[in-house]
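For reference, the chains in residue letters:
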Amino acid sequence: MNSKITLAFVLSALIVNSSFAKDAALEACDAAIKNHQYAQAITLAEQHASQAEFWLCKGRAQSALKQDTAAQESFKQAIAHKPSGLDLISAYMLLGNAQLETKAHAVAIESYQQALKFSEQQDMRRYTRIAHNLIGEAYFDIGQYVEALKSFESGEKLAMNDDERADSYIHEALAYQHMQQIDNAIEYQLKGTLMLLKSGTPDQYAEASLTLGQLFDAKKDYVGAGKTYQRLMEYAHDNGGFFYEAKTAIYWAETKRAQGDAAGAEQLIKQAEKIAMQYKDPELDELLAKFK
């Protein structure tokens, strides 16, 4: 999450729930989306236009096809059919996502706030947290970082496990970074990185560590950056993460070059080049080309 915060985690968190498994037709519609058979999902949904759940299924398929305006209408139709519980909350969140895709930030925030209201009314802590984060992401997308941070902080208070806490800390760090509060950004990025070491995937931990190193670089704390990259290099090497071993070497070489250590930078680049030649990864090739 180096530039723009993604909303994809919300889709995976929300959609797989019991509301979409009430009958065989709804299961078939949901299965069609999971199998990327979006036109089939839309056809199935249109056969049950009197039910909110099928409008949700149709809207999800349209969103997947990047038919965001049509998806908005489907989610509005779902809401008009007066669903309850998670269906209602999902409808507002998905509507907000579709609105955000068309850069309609103000109405997207309104939709997320409706989702927040109904989540709080039903004491659904997990969905209340997600709603706060969605609101924060919408504010972040338009550069209102103070408002974004407030929402992320509200979400953090509702985190129930290390994964959720890590997610909140990384969100807050990114907001602080864009507010040019680098010390706070480092503090929260470090907290998030440590959480991901315990509960995240190796890729999540590695990307968070790379961002942490870059934040140290931005502060010109090259010692802190070097220690971060060294830890990550050892982690990647010990866990067979050759891609991240090479990527870390390139980032670390940038730090060495900023310190005036040309020999150290060259040594790291040679290490990265050796791995890149073996694995032929386009991202590594691009990073190496930029360094040179």
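Just so it is clear, the structure is predicted and the values come from calculations on it, not from any experiment.

About the cut-offs
Residues numbered from 1 in each chain as written. Predicted model: local features only at pLDDT ≥ 70, side-chain atom pairs only at ≥ 80, totals over all residues. Heavy atoms only, no water. Disulfide = S-S within 2.5 Å. Helix = DSSP H or I, 4+ residues; strand = E, 2+ residues; numbered from the N terminus. Buried < 20%, exposed > 50% of the residue type's maximum accessible area, 1.4 Å probe, protein only. Contact = heavy atoms within 4.5 Å. Salt bridge = Lys/Arg side-chain N within 4 Å of Asp/Glu carboxyl O. Phe/Tyr/Trp six-rings, centres within 6.5 Å; stacked < 30°, edge-to-face > 60°. Lys NZ or Arg CZ within 6 Å of the ring centre and 35° of its normal.

(A) Quick look at the state of the cysteines. This structure, assessed with the given rule, holds 1 disulfide. One disulfide bridge connects Cys29 with Cys57, the sulfur atoms lying 2.0 Å from each other. What sets the handedness of the Cys29 and Cys57 disulfide is the S-S torsion sign, and at about -110 degrees it is left-handed. Here the residue Cys29 occupies a position in helix H2 (residues 24-34), and Cys57 occupies one in helix H4 (residues 52-64), the gap between them amounting to 28 residues. Cys57 carries the same exposure label as Cys29, and that label is buried.

(B) Region of interest: the environment of Phe152. Relative to the helices and strands, Phe152 resides in helix H9 (residues 145-156). Taking the C-alpha atoms as reference points, Phe152 and His81, separated by 71 residues in sequence, lie 31 Å from one another.

(C) Main features of the environment of Glu153. Position of Glu153 relative to the elements: it lies in helix H9. Taking relative accessible area as the criterion, Glu153 reaches 30% and is therefore assigned partly exposed. For the pair Glu153 and Gly136, spaced 17 residues apart in the sequence, the C-alpha separation amounts to 9.2 Å. Setting aside residues no more than four positions away along its own chain, Glu153 makes contact with Glu172 and Tyr176.

(D) Examining the pattern of salt bridges more closely. One pass over the structure, following the stated rule, counts 15 salt bridges. In this structure, Lys34 and Asp30 form a salt bridge, with 3.5 Å as the shortest nitrogen-oxygen distance. Placement of both Lys34 and Asp30 in helix H2 is noted, with a separation of 4 residues, approximately one turn of the helix. The class for Lys34 is partly exposed, based on a relative accessible area of 49%. The residue Lys292 makes a salt bridge to Glu273 at a minimum N-O spacing of 2.3 Å. Here Lys292 is found in the segment after helix H16 (282-291), whereas its partner Glu273 is found in helix H15 (residues 262-279), with 19 residues between them in sequence.

(E) The arrangement of the packing of aromatic side chains in detail. As enumerated under the stated definition, the model contains 8 aromatic pairs in all. Relative to Tyr279, the ring of Phe242 lies with its centre 5.6 Å away and its plane at 20 degrees, an arrangement referred to as stacked. Note that Phe242 is positioned in helix H14 (residues 242-258) and Tyr279 in helix H15, a separation of 37 residues in sequence. Taken together, the ring pairs connect Tyr169, Tyr176 and Tyr188 into an aromatic cluster. Its end group placed over the ring of Phe291, Arg257 keeps NZ or CZ at 3.9 Å from the ring centre.

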